[in-house]
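Descriptive structure summary
Below, each chain spelled out in residue letters.
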4 protein chains.
Amino acid sequence: MQYRRLGSSGLQLSALSFGAWVTFGGQIGRSEARNLIAAAWDNGVNFFDNAEVYAQGRAEEVMGDVIGDLRLPRDGYCVSSKVFFGAVPSPNPLQRGLSRKHVIDACHAALKRLHVEYLDLYYCHRPDPDTPIGETVLAMDTLIRQGKVLYWGTSEWSAAQIAEAVAFARAHHLYAPMMEQPQYNLLHRTRVEEEYAPLYSDAGLGTTIWSPLASGLLTGKYNDGIGADSRLATSSMDWLQAAVLGDPAEDRLGKVRRFTAVAAELGESPAQLAIAWCLRNPNVSSVILGASRVSQLEENLRALDVVARVEDAAWKKIEAAFA
Amino acid sequence: MQYRRLGSSGLQLSALSFGAWVTFGGQIGRSEARNLIAAAWDNGVNFFDNAEVYAQGRAEEVMGDVIGDLRLPRDGYCVSSKVFFGAVPSPNPLQRGLSRKHVIDACHAALKRLHVEYLDLYYCHRPDPDTPIGETVLAMDTLIRQGKVLYWGTSEWSAAQIAEAVAFARAHHLYAPMMEQPQYNLLHRTRVEEEYAPLYSDAGLGTTIWSPLASGLLTGKYNDGIGADSRLATSSMDWLQAAVLGDPAEDRLGKVRRFTAVAAELGESPAQLAIAWCLRNPNVSSVILGASRVSQLEENLRALDVVARVEDAAWKKIEAAFA
Amino acid sequence: MQYRRLGSSGLQLSALSFGAWVTFGGQIGRSEARNLIAAAWDNGVNFFDNAEVYAQGRAEEVMGDVIGDLRLPRDGYCVSSKVFFGAVPSPNPLQRGLSRKHVIDACHAALKRLHVEYLDLYYCHRPDPDTPIGETVLAMDTLIRQGKVLYWGTSEWSAAQIAEAVAFARAHHLYAPMMEQPQYNLLHRTRVEEEYAPLYSDAGLGTTIWSPLASGLLTGKYNDGIGADSRLATSSMDWLQAAVLGDPAEDRLGKVRRFTAVAAELGESPAQLAIAWCLRNPNVSSVILGASRVSQLEENLRALDVVARVEDAAWKKIEAAFA
Amino acid sequence: MQYRRLGSSGLQLSALSFGAWVTFGGQIGRSEARNLIAAAWDNGVNFFDNAEVYAQGRAEEVMGDVIGDLRLPRDGYCVSSKVFFGAVPSPNPLQRGLSRKHVIDACHAALKRLHVEYLDLYYCHRPDPDTPIGETVLAMDTLIRQGKVLYWGTSEWSAAQIAEAVAFARAHHLYAPMMEQPQYNLLHRTRVEEEYAPLYSDAGLGTTIWSPLASGLLTGKYNDGIGADSRLATSSMDWLQAAVLGDPAEDRLGKVRRFTAVAAELGESPAQLAIAWCLRNPNVSSVILGASRVSQLEENLRALDVVARVEDAAWKKIEAAFA
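Quick summary incoming for the structure in this document. Owing to the predicted nature of the structure, the values given are computational and were not obtained by experimental measurement. (Residues numbered from 1 in each chain as written. Chains lettered and ligands numbered in written order. Predicted model: local features only at pLDDT ≥ 70, side-chain atom pairs only at ≥ 80, totals over all residues.)

This next bit is on the packing of helix α2 (residues 30-42) of chain D against helix α3 (residues 58-70) of chain D. Residue and element names in this part refer to chain D. It is the contact of α2 with α3, at a shortest axis distance of 9 Å, that shows an interaxial angle of 60°. Comparing the axis directions of α2 and α3 gives the class oblique. Here α2 and α3 pass one another in a crossing that is right-handed. Judged by residue contacts, Arg30, Ala33, Arg34, Ile37, Ala38 and Trp41 of α2 engage Val62, Asp65, Val66, Ile67, Asp69 and Leu70 from α3. In terms of residue class, the contact of α2 with α3 is made up of eight nonpolar, no polar and four charged. (Axes fitted to C-alpha atoms, helices over the stretch in contact; angles between N-to-C directions. Helix = DSSP H or I, 4+ residues; strand = E, 2+ residues; numbered from the N terminus. Parallel < 35°, antiparallel > 145°, perpendicular 65-115°, else oblique. Left-handed = near helix turned anticlockwise from the far one by under 90°. Contact = placed C-beta atoms within 7 Å. Nonpolar A, V, L, I, M, F, W, Y, C, P; charged D, E, K, R; others polar.)

What follows deals with the interface of chain B and chain C. Residue-level contacts link 21 residues of chain B with 19 residues of chain C. Elements with a contribution of two residues or more to the side of chain B that touches chain C: α4 (100-114) and α5 (133-145) of chain B. Considering every element that reaches the side of chain B that touches chain C, the biggest residue donor is α4(B), with five residues. Considering only residue class, the side of chain B that touches chain C consists of five nonpolar, 10 polar and six charged.

Let us look at the environment of Lys255(A). Residue and element names in this part refer to chain A. Topologically, Lys255 is positioned in helix α10 (residues 252-266). Using a count of 18 C-beta atoms within 10 Å as the deciding quantity, one classes Lys255 as partly exposed. In this structure the C-alpha to C-alpha distance between Lys255 and Cys278, which are 23 residues apart in sequence, comes to 17 Å. (Buried ≥ 20, exposed ≤ 12 C-beta atoms within 10 Å, placed from the backbone.)

This part takes up the sheet that holds strand β4 (residues 47-49) of chain A. Residue and element names in this part refer to chain A. The parallel closed barrel is built from eight strands, whose spatial order is β3-β4-β5-β6-β7-β8-β9-β10. Note: strand β5 (residues 78-83) against strand β6 (residues 119-124), four bridges, orientation parallel. Note that in β6 the partner of Lys82 across the bridge is Tyr123. (Pairing = 2+ DSSP bridges.)

Here the focus is the environment of Ser9(A). Looking at the secondary structure, you find Ser9(A) in the loop between β1 (3-5) and β2 (12-14). With 23 C-beta atoms packed within 10 Å, Ser9(A) lands in the buried category. Remark: the alpha-carbon pair of Ser9(A) and Thr23(A), spanning 14 residues in sequence, is separated by 30 Å. Apart from the residues lying within four places of it in its own chain, the contact partners of Ser9(A) are Tyr151(A), Met178(A), Gly204(A), Gly206(A), Ser99(D) and Glu135(D).

Here we take up the pairing of strand β10 (residues 286-289) of chain A. The side chains of a regular strand alternate between the sheet's two faces. Residue and element names in this part refer to chain A. Alternating positions in β10 separate into two faces, Ser286 and Ile288 on one and Val287 and Leu289 on the other, with burial throughout. Both strand β3 (residues 16-19) and β10 contribute to a ladder of three bridges, which runs parallel. Its bridge partner being in β10, Leu16 is matched across the sheet by Val287.

Structure below.
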């Protein structure tokens with residue numbers, strides 16, 4: 001495994017990490033979850049990503065149970081939670097948003113579900129236009145000083161919002177956000193590469209990126225259509241299907257078909273190649289992998305070898321496929 | 001239910017909330033208290049107001065018991081307490097005022113009575129001329145950082161006193177007061193509308209207002225005199241009776257009679273109309289309703305419909321009745 | 001009882017308070033201690049003064065036990081401790097001085113002995129030239145923010161040392177010292193009246209003064225020599241005897257004899273008159289009374305009546321006796 | 001015993017202290033460890049030095065057990081731990097370095113092993129180029145404010161690194177490092193005497209120095225070669241042997257032979273003389289002694305007498321031996 005610093009911080013996460021999103025608490029059972037965490041750990045993964053919204057908290061409960069069962073040393077792994085996933089509102093506004101109340105209540109609830117005394121990483125899962133950024137920064141700072149959180153950050157915030165949080169923290173001697181969790185992959189790269197650019201140097205921001213395979217699209221498995229047994233085909237995933245295939249005018253599937261052709265030429269798996277492409281960006285601190293089977297996880301963890309193996313000319317061809 | 005931000009904060013309280021004042025721990029029993037809280041909660045109320053002085057702490061004990069019984073989720077409701085009600089002094093000055101000692105002791109006592117680990121809102125119930133404002137601001141800031149309070153504010157402070165607290169907090173990087181709890185109703189409006197005006201924009205102050213019905217006077221129930229069975233007629237309420245009816249020269253009853261005539265014309269209940277009038281002020285974050293019967297509470301909660309139903313011309317008539 | 005603010009703070013102490021010095025844990029037993037605390041409380045005393053050095057901690061244990069037995073309400077009384085009485089050094093330097101370690105360790109030990117969760121008042125019992133003042137200020141500030149201390153102060157520090165502590169606190173946004181505990185009586189007045197004068201206005205300093213009777217000398221009981229049964233006659237009190245009688249050239253006994261003559265003329269008890277004289281100084285927040293018998297305490301508590309009763313001309317005569 | 005302030009702080013450590021390095025948890029058993037601690041304590045030692053890396057934590061466990069057994073008063077001794085010994089990396093980067101996570105996790109682990117509620121002294125055992133100094137300063141400050149650490153410092157940091165930490169702390173009103181733990185002896189003196197010089201006056205830095213005997217070399221016991229039963233001869237100590245004997249061109253053994261000749265001339269033990277030489281430097285707060293036998297410890301503790309006994313002319317001769 002390779003380890004990378006989370007931005008300018010001293011925290012070194014595994015370049016490939018494991019996320020509970022979609023699978024834990026729903027699609028897969030407790031014993032499979034245990035096998036996945038164990039395999040990730042055995043392969044050097046030290047960051048396990050989670051959020052209050054994943055399976056409405058059950059993803060955290062399963063992960064907390066499994067990590068306890070496996071007796072992973074608390075000082076050897078990082079676990080995260082996230083507060084307020086904008087797109088899934090609760091009817092009671094006290095149970096959503098980034099007010100001091102919800103940031104603190106959600107932290108306490110995550111600590112309980114995960115059976116830990118502190119969260120290594122705690123994210124604002126989406127921006128909240130109805131809470132002043134300073135209120136959220138102060139709440140995060142208070143949690144860090146109480147020992148309940150180590151590093152705090154954001155997910156899918158605009159560069160302007162992150163910059164405002166950093167400026168507020170500096171003006172008041174508070175802990176500033178240390179990381180962002182954006183989507184990043186061959187089909188979705190502008191925000192990470194352009195919008196956030198000033199934050200890497202000015203604020204030492206790190207990134208833990210999600211969806212390196214664009215929800216599986218970059219594996220090429222949808223090149224010939226969505227199979228009935230595919231996760232994308234289940235009704236509750238309609239919104240995901242739309243998001244994955246995107247605007248037809250964008251021709252995402254066409255791009256992916258060109259990409260998988262290049263992969264075949266190189267003799268590389270498209271999945272590993274797509275993950276390796278993310279790893280080549282030095283501003284990516286960790287690439288979060290999801291998986292429902294150990295074999296799939298282990299294949300994807302070998303993407304690190306691909307980074308070394310593939311040559312510059314080939315990477316240019318890959319970029320051209322998405323032009 | 002409609003929800004409103006507490007001033008510029010991210011905390012969204014129900015526009016209509018429920019207060020224990022006068023009734024809990026005295027006039028009504030535990031099972032009625034339970035029915036009232038349950039009805040409020042079922043109607044979307046998420047803020048339950050209280051104070052150490054209400055029934056000498058018994059109002060908090062009853063509310064804490066009832067909320068526990070009903071198993072309301074801690075992250076779904078807000079509960080408040082208030083320290084130092086100037087008008088009811090204790091002989092021992094350590095048990096009154098806004099010194100660091102009493103602010104902290106009273107917080108601990110309220111946490112115990114309410115069976116909670118933190119107060120969502122904690123108010124200075126009256127100003128204390130014998131304590132420097134900075135001492136109180138520092139005590140509140142310390143309680144917030146210890147996790148025992150989320151937001152602190154004042155009740156019936158002058159704008160100048162609140163502004164001084166805000167300025168002290170800013171100068172020392174401390175949590176500033178976030179809300180005021182003033183009296184506000186058709187008969188008592190200058191402070192909220194004029195005196196506090198600069199604080200809404202400059203300090204983001206929210207207000208949780210009490211006595212929207214002027215202790216029942218605006219319902220018209222005293223239009224023909226105070227009945228023997230009325231709360232106002234009991235001897236311990238003499239001071240309240242004087243306050244409600246006011247200076248004869250003010251002709252409060254005359255105004256109310258004109259108001260109830262307009263209400264009759266509109267086919268609206270005077271109580272709902274008076275509450276709705278408060279709700280029309282965007283600087284009112286929440287209107288606190290008291291009630292001794294569920295039917296009365298439910299009627300008053302329907303004031304939100306009245307806001308939408310009554311037209312501008314009618315509101316002008318109402319204002320004219322109090323000219 | 002009269003109550004006075006501790007300097008500019010909001011804490012209102014009884015103008016006459018009760019100290020454990022000399023008597024608790026030594027001279028008197030547990031039941032007498034209980035009677036004394038009960039009598040003080042019944043007469044409106046709300047401040048009980050103590051120190052780690054009094055009877056090597058036993059004074060605090062007795063006071064803690066007795067206050068617990070009497071079930072005094074925690075929010076109704078103040079209790080103090082003091083760290084580092086310069087004149088009685090421990091051989092191990094970690095167990096003396098005002099280093100961060102000893103200030104914190106001594107606080108924890110006092111909390112345990114007194115059976116309380118916080119000290120209302122915590123004093124540096126003497127200055128420590130071997131610790132930077134800033135280190136002590138920071139330790140006190142940290143204890144206040146942790147909720148273990150409410151107000152901190154000094155005892156027998158020079159005005160320059162107190163001013164340095166105040167300046168350090170202001171420069172770093174820390175809690176500043178709020179009170180001094182100096183000796184103050186008709187024979188010893190310069191420090192309180194002259195040296196500290198700028199601190200009352202500039203830093204809002206309060207004073208809790210000790211030895212209002214100059215260890216009994218001002219009662220006149222030594223006018224005709226020290227009796228064999230007197231506390232001053234016991235061998236372990238040699239140093240006290242020397243301190244009380246002072247430099248013969250000063251003619252302290254002569255002054256006292258003139259004073260008791262004036263008292264006789266006025267028909268007042270010399271003890272009450274001497275205490276009342278301290279109370280007339282508005283910069284004295286509280287006069288600490290020691291006592292080994294309830295009758296003696298009750299007599300001295302009546303000094304408040306003397307303040308009102310004696311006229312200005314008489315006070316001038318009294319001052320003249322000490323010229 | 002003589003006591004010295006830790007730099008400009010108020011903490012007074014014994015000029016000679018006891019370190020667990022090399023011996024505890026390995027070379028010697030629990031009962032010998034107990035005898036050593038008891039002998040040190042009886043001779044006035046009040047500082048017991050340790051580190052997470054010494055025998056992989058077992059040194060701390062043994063020391064914690066023994067101090068508990070001996071019932072040493074918590075306010076009478078100081079105990080230390082150290083985080084991140086650069087030269088012994090863990091494969092998992094979360095378990096090494098000076099990130100907020102490892103600084104905090106390692107503190108909690110040391111508290112547990114030593115059975116204490118706070119560490120008196122907590123050191124960064126080596127600098128970590130992969131963590132910003134500010135992150136480490138903030139973590140240390142947070143631990144101090146939480147009451148888990150009293151004083152923090154560094155070990156074998158460059159003067160520039162320490163100065164950066166001090167500057168960061170001052171800019172943000174944080175607790176600055178108070179001490180360094182460097183190697184210091186007759187063969188290794190430049191850093192303590194020259195490099196750190198500005199830090200003594202500007203930042204009040206104290207030093208707790210290790211290896212006053214250059215791992216035994218200065219006792220003269222290797223003057224005729226390394227015996228088979230010597231600690232230096234065991235295979236796991238190869239690196240130490242190389243470090244002790246040093247670059248042959250330096251002729252360390254030649255210098256030591258000249259030194260032991262001077263010692264013989266003076267009739268002093270070379271070990272005591274070498275330790276006494278360290279004590280003569282006023283910027284040395286405490287000299288840490290290791291020992292595997294009580295007799296050896298007691299001999300070395302008598303080095304304090306040597307300081308007084310040896311005259312200036314003799315010290316010049318000693319310095320000349322190392323020219």
